[in-house]
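The residues making up each chain are set out below.
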Amino acid sequence: MIDCRSDTVTTPDEHMRETAASADVGDDVYGEDPTVNELERRAAERVGMDAALFVPTGTMGNQIAVRVHTERGQEVLTDRKSHVVKYELGGLAQHAGLQVRMLDTERGVPTPEQVAAGYVDEDLHRPGTGLLTLENTHNARGGLAIDPDAIAAAAEAAHERDVPVHLDGARVFNATTALDVPVTDITDHADSVMFCLSKGLGAPVGSMLAGDADFIERARRTRKLFGGGMRQIGIVAGPGLDALENVSDLAADHDRADRLAAGLADVDGFDVSDPETNIVLADVAGTGLDAESVLERLESAGVLATQFGPTTIRFCTHRDLDDADIEAVIDRVTTAFE
Ligand SMILES: *Cc1c(COP(=O)(O)O)cnc(C)c1O
């Protein structure tokens, strides 16, 4: 079976397993795990922020950030298809007591005009806008790499109104790889950023939340509140340090996504998007089948992908798939629809 469902299916390699086994550890609740301290220092430095916090998941990182930036009852501005809205169980409401104002954006990032129009002043009747969230790459829109200028313009429109900006950068290094820019070109515009170690970078567990020192101090307390105070986590933070070194491998995943898209485009009934990063979307309406039936047929042929809409399926490339795997996926899908 070739697993193209997500880059989250990547398994830790030998080196990561050795790093985990030999990691220096201590009780992180006392701040005494040297490995996680090193990871937090290096992650913060990487994204140009004062400080960082290791969190078990990207979802927890986003939810902590949203909670720290806002007050109950405020509004959060976000793209309609953002991960924080679509895939985090309504956590904005559950964990932070927020009302969401969703924006219909073209590529996942609002224009400054949309930010201005969505903003509400706090008064006797209106709750006030407490946060703008951005996402890069944009998952639900097919792994789009959002240009730093678009991020800067949206963030500036928020900051002009004293609204902080959180960047959901689960795959921000896929964006910087695709755009060939330093990550700080993107993160410099945000007040906080979350990125995942556990996706294309290959770590078994973990995400990083970065921001200024005061933000991270509050985030650490909120992580505790959410049940995320952890002990000897050097065991999983060690592989995270290795994962930071894997950023340069993402370009190969993107090349393989290009190859996969070109191959799938020749399959009868498949309408395939041009991938910007490691995500390939295929509209399979032309097969006369719905996404679910197409996925069943693919599974019988030895390929796993995920449903992304009634007739849309998603393929993800990642570091556990090599060139031969990609050719095999193309062959198997082609044969399944001949
Ligand atoms: C995967 C993802 C998350 C959440 O990460 P988990 O570790 O799965 O909780 C958040 N935002 C985006 C855009 C993602 O793709």
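Residues numbered from 1 in each chain as written. Predicted model: local features only at pLDDT ≥ 70, side-chain atom pairs only at ≥ 80, totals over all residues. Heavy atoms only, no water.

1. Observations regarding the site of the ligand
Item 1. Near the ligand lie 14 residues; those nearest to it are Gly58, Thr59, Asp168, Arg171 and Lys199.
Item 2. His83 places a side-chain nitrogen or oxygen 3.5 Å from a nitrogen atom of the ligand.
Item 3. Lys199 places a side-chain nitrogen or oxygen 2.8 Å from an oxygen atom of the ligand.
Item 4. Protein burial of the ligand: of its 380 Å² of free accessible surface, 85% is covered by the chains.
Item 5. Counting residues per element, the ones that place at least two in the shell around the ligand are helix 3 (58-69) and strand 7 (192-196).
Item 6. In terms of residues, the shell around the ligand owes the most to one element, helix 3, which gives three residues.
Item 7. Across the shell around the ligand, the residue classes break down as three nonpolar, six polar and five charged. (Near = heavy atom within 4 Å. Polar contact = N/O pair within 3.5 Å; in protein donor to acceptor, adjacent residues only side chain to side chain. Areas by Shrake-Rupley, 256 points an atom, 1.4 Å probe, with all protein chains shown as cover. Helix = DSSP H or I, 4+ residues; strand = E, 2+ residues; numbered from the N terminus. Nonpolar A, V, L, I, M, F, W, Y, C, P; charged D, E, K, R; others polar.)

2. Regarding the domain arrangement of the protein
Item 1. Taken domain by domain, the protein comprises domain 1 (2-6 + 249-337) and domain 2 (14-245).
Item 2. For domain 1 and domain 2, the distance between their C-alpha centres works out to 28 Å.
Item 3. Each partner contributes to the interface: domain 1 provides 13 residues, whereas domain 2 provides 18 residues.
Item 4. Buried surface at the junction of domain 1 and domain 2, summed over both partners, amounts to about 1200 Å²; 54% is from carbon and sulfur atoms.
Item 5. Counting the contacts that link domain 1 with domain 2 gives one salt bridge.
Item 6. If you look at where domain 1 meets domain 2, you find five residue pairs in polar contact (both at pLDDT 80 or more).
Item 7. Looking at the side of domain 1 that touches domain 2, the elements that each hand over two or more residues are helix 12 (250-265) and strand 10 (279-283).
Item 8. Per-element accounting of the side of domain 1 that touches domain 2 gives the leading share, four residues, to helix 12.
Item 9. Along the lines of polarity and charge, the residues of the side of domain 1 that touches domain 2 split into five nonpolar, four polar and four charged. (Domains from an automatic or database assignment. Contact = heavy atoms within 4.5 Å. Buried area = accessible area lost by both parts, 1.4 Å probe. Salt bridge = Lys/Arg side-chain N within 4 Å of Asp/Glu carboxyl O.)

3. Section: the layout of surface pockets
Gaps left between atoms show up when a probe the size of a water molecule is rolled over them.
Item 1. One number sums up the size of the largest pocket: a volume of about 190 Å³.
Item 2. Lining of the largest pocket is provided by Asp28, Val29, Gly31, Asn37, Glu40, Glu217, Arg220, Arg221, Arg223, Lys224 and Gly229.
Item 3. For the lining of the largest pocket, the elements supplying multiple residues, two or more each, are helix 2 (34-47) and helix 10 (213-225).
Item 4. It is helix 10 that contributes the most residues to the lining of the largest pocket, five residues altogether.
Item 5. Here the residues of the lining of the largest pocket are counted per class, giving one nonpolar, three polar and seven charged. (1 Å grid on protein atoms, 1.4 Å probe; cavity = no way out; pocket = protein on both sides within 12 Å on 5 of 7 lines; lining within 4 Å. Points joined across faces, edges and corners; volume = space filled by probe spheres on them.)

4. Description of helix 8 (residues 172-179)
Item 1. Every buried residue of helix 8 is accounted for by Val172, Phe173, Asn174, Ala175 and Thr176.
Item 2. In this fold, the buried residues of helix 8 make contact with helix 2, strand 6 (165-168), helix 9 (184-187), strand 7 and helix 12.
Item 3. Taken from the residues just after helix 8, Asp180 is the one with a positive phi, measuring 55°. (Buried < 20%, exposed > 50% of the residue type's maximum accessible area, 1.4 Å probe, protein only.)

5. Considering unusual backbone geometry
Item 1. A cis amide bond links Asn136 to the next residue, Thr137, at an omega of 0°.
Item 2. Counting through the fold element by element, Thr137 comes out in the loop between strand 5 (129-135) and helix 7 (148-159).
Item 3. Its identity is not glycine, yet Leu89 carries a phi of approximately 55°, on the positive side.
Item 4. Positionally, Leu89 belongs in the loop between helix 4 (83-86) and helix 5 (91-96).
Item 5. For Leu89, a relative accessible area of 77% translates into the label exposed.
Item 6. With phi around 60°, Asp162 is a residue other than glycine that occupies positive phi space.
Item 7. Mapped onto the fold, Asp162 is located in the loop between helix 7 and strand 6.
Item 8. Taking the relative accessible area as the measure of exposure, Asp162 reaches 70% and is therefore exposed.

6. With respect to the packing of aromatic side chains
Item 1. One pass over the structure, following the stated rule, counts two aromatic pairs.
Item 2. With a centroid separation of 5.2 Å and 85° between ring planes, the pair formed by Phe173 and Phe195 is classed as edge-to-face. With Phe173 in helix 8 and Phe195 in strand 7, the pair connects residues that are 22 residues apart, well separated along the chain.
Item 3. For Phe195, a relative accessible area of 1% corresponds to the buried category. (Phe/Tyr/Trp six-rings, centres within 6.5 Å; stacked < 30°, edge-to-face > 60°.)

7. Here's the deal with empty space enclosed by the protein
Item 1. Inspection of the entire model under this criterion finds two cavities of 30 Å³ or more.
Item 2. Roughly 50 Å³ of volume is contained in the largest cavity.
Item 3. The element contributing the most residues to the lining of the largest cavity is helix 8, with three residues.
Item 4. Here the residues of the lining of the largest cavity sort into six nonpolar, two polar and two charged.

8. Examining the sheet that holds strand 3 (residues 75-79)
Item 1. Taken in spatial order, the seven strands line up as 2-8-7-6-5-3-4 in an open sheet, and their pairing is mixed. Both outer strands of the open sheet, strand 2 (51-55) and strand 4 (99-103), are each paired with one neighbouring strand and no more. Sheet twist, expressed as the mean angle between neighbouring strand axes with direction ignored, is 20°.
Item 2. Sheet topology places strand 5 next to strand 6; four bridges connect them, and they run parallel. Residue Thr133 lies in a different strand from strand 6, and its bridge partner there is His166.
Item 3. Its contacts with the sheet put helix 10 on strand 2, strand 7 and strand 8 (207-211), and the angle it makes with strand 2 is roughly 20°. (Pairing = 2+ DSSP bridges. Axes fitted to C-alpha atoms, helices over the stretch in contact; angles between N-to-C directions.)

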